[in-house]
Amino acid sequence: MESLSNTFLLHSSKPLSHTWLTRIFGLIYTTAISILLLRHCRTLIYSPSPISTALFLADFVLAFIWLTCQCFHWNPIRRQAFQENLQQVVAEREYPALDVFICTADPTKEPPIGVVNTAMSVLAFDYPTEKLSVYVSDDGGSELTLYAFMEGASFAKHWIPYCKRHNVVDRSPEVYFGSDPAWFPETDEIKAMYEGMKSRVETVVQNGCIHMKYEGNIKSEFREAFCKLWTPDFTPRNHPTIIQVLLDNNVDKDSAGGVMPNLIYLSRQKSNHKPHNFKAGALNVLLRVSGVMTNAPIVLLLDCDMYSNDPQTPLHALCYFMDPNADPKLGFVQFPQMFNDINNNDIYASEFRHETQILSLGMDGLRGASFMGTGGFFRRHVISIRNDSKPVRISQDVLASAYQAASCNYEDNTKWGSEIGFRYGSMTEDTYTSFRLHCEGWKSILCNPKRAAFLGGSPSSLNDNLTQMKRWYMGFLDIFFNKYCPITYGVRSMNPLQALCYTHYSLRSFWSIPIIVYAFLPQIALINSFAIFPKVSERGFFLYAFLFLGAYGKDFLDFVVVTGGSMQRWWSYQRMWLIWGLSSCPFALLEWSLKSVGVSTFGFNVTSKTIDEEQSRRYERGLFEFGVESVLFYPISVASVINLLSFVKGVMEVFLNGRLEEFFVQILICGFGMVNSWVIYEGMFLRRDGGRMPLKITLASMATVMAICLASSLVF
């Protein structure tokens, strides 16, 4: 086999060609930052003031964030897998079994028909069906989700052979039938089956229960599960375990007589008196239950809206796992998180192009990319107890053991969540778990094929986006402020550069400090005709100019040249970073601080995957969706108004008193803030549609600006 692997290459890697230029620029930029900080220190020593202290704090945090970010750029590499060579090295019969985990929690926010589409796309993988099992974890314990998958299981018997017979690439039915597909003799029949299934599922979801006319569709062997779900005391947070085998590859056949993959519905036991640890807890139950029922050595984790976009994705992963020369410490293969429903300019920066296509390449050149919460293929023994590798045949005894493994008492006095499975203690269990695995010596690989492996949905309203980011930043803070802190424990346990990469992620909420300072301090000073930056004729001006233009220029080149993004999307990306710095980041710091001292906060909220028609049209047109009275909109509205007011005052100072040289930097900062705030001004003053800024937020922000101006006049 080794000689064959040398003849038929399974994968390759190479460093990025521009890395040496990035290192040179980084050295020059670091020197400039050092000079700026020294200037601040000298000012603090000889003429200290609240303004000089605030500017030093802001620039110090910016310097720390920038320096930790350079660790990602030290040794980025790009990989390529050659799945067409896989069968020349490994026979298909030797492929390892694969368990796929799909997690959902709330049918009102994660429509069951969308989750079914995700499952259909992976059930139809180009993979030996007898070795494929798909587990759906329904953490809400919804009869609607179970009904949807009961319908989906029947449809899968026709969909899977259809896809494989005609080499269909888009194996999510919704995507396939919505993309003007090639037509085959049975296409109309398959489409009618899908539309019928979709209609029944959506009707049931709309009604909130299973109508009597659909009860006849429920097979007798499934009725026991529905009876458990219909008990009066059943709630999403307090219910018994439900495991339902919807498809059994030892029993079920597809419409062509072929073997079907396993499809298993699971809703773990929950108790009001037991912590359930959110998604990490659900994944650990899936690990245990699947270990009892099918015990595949490779597991794939997917979000419920992340459908397969390439049926050969498992073969890409096997190019790394099955390589005879593979590193024995390879723990998981991560595919970048990609999205299919982003508008032309990506107004909410939902693509996360930097994180998925720049920063991940840098971590891949160190010890490996971080787990992104979805699209990760793991070796089971890396995150679970080392099981017997033999496959298991589903039986009543096996099901009894599976029910025990899903019990909410199972983890008592065990190491699950601390040393085994997905780690508890952070809402960003994906980043935290991969950090701990890297600390333990495991490695990972980023696999980024030309055709995206998986595609999913992203928030289509600003409030959903900001809420999601706030939740992530709170989770990152949990990672930093514990005994496994990346900057202390991490530096000792892994490559120090890799540890600083995790430090960068875990402290991103502190980005709010420089953003708040630069969004308000120069503006308030300008309103009061007070200069706080060097004049244009002074040497300090050129230092600020280089730092600003250098940072933005480097960011622009990375986004447009390295990743192939557009200028419009880059502008959206940098704008959203300013918005996050004023809303998601400070609120994450506040809520995390309150939680740390025992004050209750909102906790975990599932990001909504639903969208109404009007909102969808506004999103496609590139209009920001405000619409709701969210406290997250308040600080960005205040900052927008104060930048506008201060810019007007600065222009007046220039025309009336000729103080352009003195106030140039402050006017430039205000103007930059205004340009980035145009979408906010539209929402506050120009729009009349349902997505405009709520009047209460507009009035409150204007009143706050007036109060700030009055208070500052007493200080300056």
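These remarks concern the structure in this document. Because the structure is predicted, anything quoted here is derived from the model rather than measured.

The next thing to look at is the overall build of the chain. Helix and strand counts for the chain stand at 28 helices and 13 strands. In summary, the chain has a C-alpha radius of gyration of 27 Å against a globular reference of 27 Å for 716 residues, a match within 12%. Expressed as lengths along the three principal axes of its C-alpha atoms, the size of the chain is roughly 85 × 60 × 55 Å. A buried classification covers 58% of the 716 residues belonging to the chain. For the chain, the exposed area adds up to about 30100 Å²; of that, 59% sits on carbon and sulfur atoms. The distance from the centre of the 62 positive side-chain charges to the centre of the 64 negative ones in the chain is 6 Å.

This brings us to a nonpolar patch on the surface. Residues Trp-20, Leu-21, Ile-24, Ile-28 and Phe-546 make up a contiguous nonpolar surface patch of roughly 500 Å² in combined accessible area. The biggest single contributor to the nonpolar patch is helix α2 (residues 19-46), with four residues. Relative to the assigned elements, Ile-28 resides in helix α2.

In this section: the side chain of Asp-248. Mapped onto the fold, Asp-248 is located in the loop between β5 (242-247) and β6 (262-267). For Asp-248, a relative accessible area of 12% corresponds to the buried category. Here Asn-250 takes part through its backbone nitrogen, which lies 2.9 Å from a polar atom of the side chain of Asp-248.

This paragraph deals with the sheet that holds strand β4 (residues 132-138). With respect to topology, eight strands assemble into an open sheet ordered β5-β6-β4-β3-β7-β11-β9-β12, the strand pairing being mixed. Each of the sheet's edge strands pairs with one partner strand only, and the pair in question is β5 and β12 (443-446). Averaged over neighbouring strand pairs, the angle between their axes works out to 20 degrees when direction is ignored. Relative to strand β7 (residues 298-303), strand β3 (residues 98-104) is paired through six bridges, and the arrangement is parallel. Bridging across to β7, Ile-102 finds its partner in Leu-302. The sheet contacts of helix α12 (residues 313-321) involve β3, β7, β9 (330-334), β11 (376-379) and β12, and relative to β9 the element is tilted by about 150 degrees.

Further remarks concern the environment of Ser-529. Relative to the assigned elements, Ser-529 resides in the loop between α20 (512-527) and α21 (539-562). In this structure the C-alpha to C-alpha distance between Ser-529 and Phe-663, which are 134 residues apart in sequence, comes to 8.5 Å. When near neighbours in sequence (up to four residues on either side) are disregarded, Ser-529 contacts Lys-649, Glu-653, Arg-659 and Phe-663.

Okay, the sheet that holds strand β10 (residues 338-339) next. Within the open sheet, the three strands sit side by side as β8-β13-β10. Their pairing is mixed. Among the strands making up the open sheet, the edge pair consists of β8 (307-308) and β10. Where β8 and strand β13 (residues 454-456) come together, two bridges link them in antiparallel fashion. Its bridge partner being in β13, Tyr-307 is matched across the sheet by Leu-455.

Within the structure shown, the criterion is met by 29 salt bridges. Across the pair Asp-327 and Lys-443 runs a salt bridge, and its minimum N-O distance is 2.9 Å. Here the residue Asp-327 occupies a position in the loop between α12 and β9, and Lys-443 occupies one in strand β12, the gap between them amounting to 116 residues. Residue classification places Asp-327 among the partly exposed residues on the basis of a relative accessible area of 32%.

A word on unusual backbone geometry. For Asn-295, which is not a glycine, the phi torsion comes out positive at approximately 60 degrees. Positionally, Asn-295 belongs in the loop between α11 (278-293) and β7. Even without a glycine there, the phi angle at Asn-413 is positive, about 60 degrees. Along the polypeptide, Asn-413 turns up in the loop between α15 (396-405) and α16 (429-439).

Okay, helix α5 (residues 112-123) next. Taking 1.5 Å as the rise per residue, α5 with twelve residues should run 16 Å; its terminal C-alpha atoms sit 16 Å apart, in good agreement. Counting buried residues along α5, eleven of its twelve residues qualify, which places the element largely inside the surrounding structure. Every buried residue of α5 is listed here: Pro-112, Ile-113, Val-115, Val-116, Asn-117, Thr-118, Ala-119, Met-120, Ser-121, Val-122 and Leu-123.

Let us now look at helix α27 (residues 678-686). For α27, the complete set of buried residues consists of Val-679, Ile-680, Tyr-681, Gly-683 and Met-684. Buried residues along α27 sit against α22 (567-582), α25 (633-657), α26 (660-676) and α28 (695-715).

Among the structural elements, Met-306 can be located in the loop between β7 and β8. Sequence spacing of Met-306 and Ile-102 is 204 residues, and the spatial spacing of their C-alpha atoms is 9.0 Å. Apart from the residues within four sequence positions on either side, Met-306 is in contact with Thr-118, Gln-337, Met-338, Phe-339, Thr-374, Phe-454, Leu-455 and Gly-456.

This brings us to the state of the cysteines. On inspection of all chains with the given rule, the structure shows zero disulfides. This cysteine, Cys-304, is not joined by any disulfide, and Cys-103 carries the nearest cysteine sulfur, 8.6 Å off. Judged by relative accessible area, which is 3%, Cys-304 ranks as buried. Cys-447 takes part in no disulfide bond, and the closest cysteine sulfur, belonging to Cys-319, lies 7.6 Å away.

Contact geometry for α5 and helix α6 (residues 143-165): axes closest at 9 Å, N-to-C directions at 35 degrees. Viewed along their axes, α5 and α6 form a crossing whose handedness is right-handed. On α6, the residues that touch Pro-112, Val-115, Val-116, Ala-119, Met-120 and Leu-123 of α5 are Leu-144, Thr-145, Ala-148, Phe-149, Gly-152, Phe-155, Ala-156, Trp-159 and Ile-160. When the residues that make up the contact of α5 with α6 are grouped by side-chain class, the tally is 13 nonpolar, two polar and no charged.

All right, on to the packing of aromatic side chains then. Taken as a whole and judged by the stated rule, the model has 50 aromatic pairs. Taken together, a centroid distance of 6.3 Å and an interplanar angle of 15 degrees make the contact between Phe-352 and Trp-580 stacked. Of this pair, Phe-352 sits in the loop between β10 and α13 (353-364) while Trp-580 sits in helix α22; the two residues are 228 residues apart in sequence, bridging distant segments of the chain. Taking relative accessible area as the criterion, Phe-352 reaches 11% and is therefore assigned buried. Take Trp-580: its relative accessible area is 1%, and that puts it in the buried class. Taken together, the ring pairs in this structure connect Phe-155, Trp-159, Tyr-162, Tyr-176, Phe-177, Phe-184 and Tyr-194 into an aromatic cluster. The ring of Trp-74 carries the charged tip of Arg-23 above its face, separated from the ring centre by 4.2 Å. Just above the ring of Trp-442 sits the side chain of Lys-329; from NZ or CZ to the centre is 4.0 Å.

This part covers the side chain of Ser-572. Relative to the assigned elements, Ser-572 resides in helix α22. For Ser-572, a relative accessible area of 2% translates into the label buried. Apart from the residues within four sequence positions on either side, Ser-572 is in contact with Asn-345, Asp-346, Ile-347 and Ala-349.

Between α16 and helix α18 (residues 486-493), the shortest axis-to-axis distance is 9 Å and the interhelical angle comes to 40 degrees. Between α16, through Phe-435, His-438 and Cys-439, and α18, the contact on the second element is made entirely by Pro-486, Tyr-489, Gly-490 and Ser-493. Across the contact of α16 with α18, the residue classes break down as four nonpolar, three polar and no charged.

What counts, and where the lines are drawn
- Residues numbered from 1 in each chain as written.
- Predicted model: local features only at pLDDT ≥ 70, side-chain atom pairs only at ≥ 80, totals over all residues.
- Heavy atoms only, no water.
- Helix = DSSP H or I, 4+ residues; strand = E, 2+ residues; numbered from the N terminus.
- Rg over C-alpha atoms; globule rule 2.2 N^0.38 Å.
- Buried < 20%, exposed > 50% of the residue type's maximum accessible area, 1.4 Å probe, protein only.
- Areas by Shrake-Rupley, 256 points an atom, 1.4 Å probe, with all protein chains shown as cover.
- Lys, Arg positive; Asp, Glu negative; His and termini not counted.
- Charge placed at Lys NZ, Arg CZ, Asp CG, Glu CD.
- Patch = residues over 30% accessible without salt bridge, like charges linked within 9 Å, V, L, I, M, F, W, Y side chains within 5 Å.
- Salt bridge = Lys/Arg side-chain N within 4 Å of Asp/Glu carboxyl O.
- Polar contact = N/O pair within 3.5 Å; in protein donor to acceptor, adjacent residues only side chain to side chain.
- Pairing = 2+ DSSP bridges.
- Axes fitted to C-alpha atoms, helices over the stretch in contact; angles between N-to-C directions.
- Contact = heavy atoms within 4.5 Å.
- Expected span 1.5 Å × (residues − 1).
- Disulfide = S-S within 2.5 Å.
- Left-handed = near helix turned anticlockwise from the far one by under 90°.
- Nonpolar A, V, L, I, M, F, W, Y, C, P; charged D, E, K, R; others polar.
- Phe/Tyr/Trp six-rings, centres within 6.5 Å; stacked < 30°, edge-to-face > 60°.
- Lys NZ or Arg CZ within 6 Å of the ring centre and 35° of its normal.

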